[in-house]
Amino acid sequence: LSSPHPSEVSTMAALRLIALLPLVALAVAFNPTTLTGFKPAGLQRAACVGPQMQLASPQIAKPKVDVGHQLGTTQPDAQGKAKTGTPKLAPKKKTQDDETPMFKVILLADPEYEQSHVVTQITKTIPSVKKEEAIRIYVEAQMTGSSVIIVCTEEHAEHYAQQLKRQQIYAKIEKDE
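Conventions we followed
- Residues numbered from 1 in each chain as written.
- Predicted model: local features only at pLDDT ≥ 70, side-chain atom pairs only at ≥ 80, totals over all residues.
- Heavy atoms only, no water.
- Buried < 20%, exposed > 50% of the residue type's maximum accessible area, 1.4 Å probe, protein only.
- Helix = DSSP H or I, 4+ residues; strand = E, 2+ residues; numbered from the N terminus.
- Contact = heavy atoms within 4.5 Å.
- Pairing = 2+ DSSP bridges.
- Axes fitted to C-alpha atoms, helices over the stretch in contact; angles between N-to-C directions.
- Salt bridge = Lys/Arg side-chain N within 4 Å of Asp/Glu carboxyl O.

Peer 1: Just to check I follow, could you spell out helix α3 (residues 115–125) for this structure?
Peer 2: Turn by turn, an α-helix covers 3.6 residues, leaving residues three or four places apart pointing in a common direction. Inspection of α3 places V118, V119, Q121, I122 and T125 among the buried residues, and these make up the whole buried set. Looking at the buried residues of α3, the elements they touch are β3 (102–108), α4 (131–144), β4 (146–153) and α5 (154–166).

Below, the structure is given as structure tokens:
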């Protein structure tokens, strides 16, 4: 092997330097004090000509808002009266859910019901009712004459009652108080 020509040495050194620049920039961004006297390997032979670059330490950003006041402290308002820093709560607005009337879907007892059929159809028709709850509802309805299956909106209650009626299971709906 022959030794490289001097122009090849400076070209190779320049390529190594270019390859290391992103790593050096990353290191400087995180901790510039660790780079004192840093010289990449293989660049000792190449002479660097030009001005030395000074690295600046990162500045801490200052908030653009006044953060000196804490909640609950008193500050004078425009009329000179002291006011508290706690915000006033607006009155709660009524939503559609607050005003929507709710309805009970009530299972009616029938001595001809088979427990397995009633439990299966209730859990299929009303997904939020689990099997154990459906069994409890069936037993309560057979003992007392009726049992509340679910409380929901009128549209859902009518739908559930119709679907149960298709399976020969009788249910009625009543407005919930």
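On we go.
Peer 1: Could you clarify how one ought to interpret the sheet that holds strand β5 (residues 171–175) in this entry?
Peer 2: Think of a sheet as strands paired side by side through backbone hydrogen bonds, with each pair either parallel or antiparallel. What the three strands build is an open sheet, ordered β4-β3-β5; its pairing is antiparallel. Single-partner strands in this sheet number two, and they are β4 and β5. Along the sheet, successive strands turn relative to each other by an average axial angle of 30 degrees, direction set aside. Across seven bridges, β3 lies against β4 in antiparallel orientation. Looking at the pairing, I106 lines up with V148 of β4. Against the sheet, α4 engages β3 and β4, with an angle of about 130 degrees to β4. Lying over the sheet, α5 contacts β3, β4 and β5, oriented at roughly 135 degrees with respect to β4.

Peer 1: Looking at this model, I keep getting lost on the pattern of salt bridges. Mind explaining?
Peer 2: Pairing is possible between side chains that carry opposite charge, provided their charged atoms lie close to one another. Counting across every chain of the model gives two salt bridges. A salt bridge links E174 to K172; the shortest N-O distance between them is 3.0 Å. Accessibility expressed as a relative area gives 31% for E174, which makes it partly exposed.

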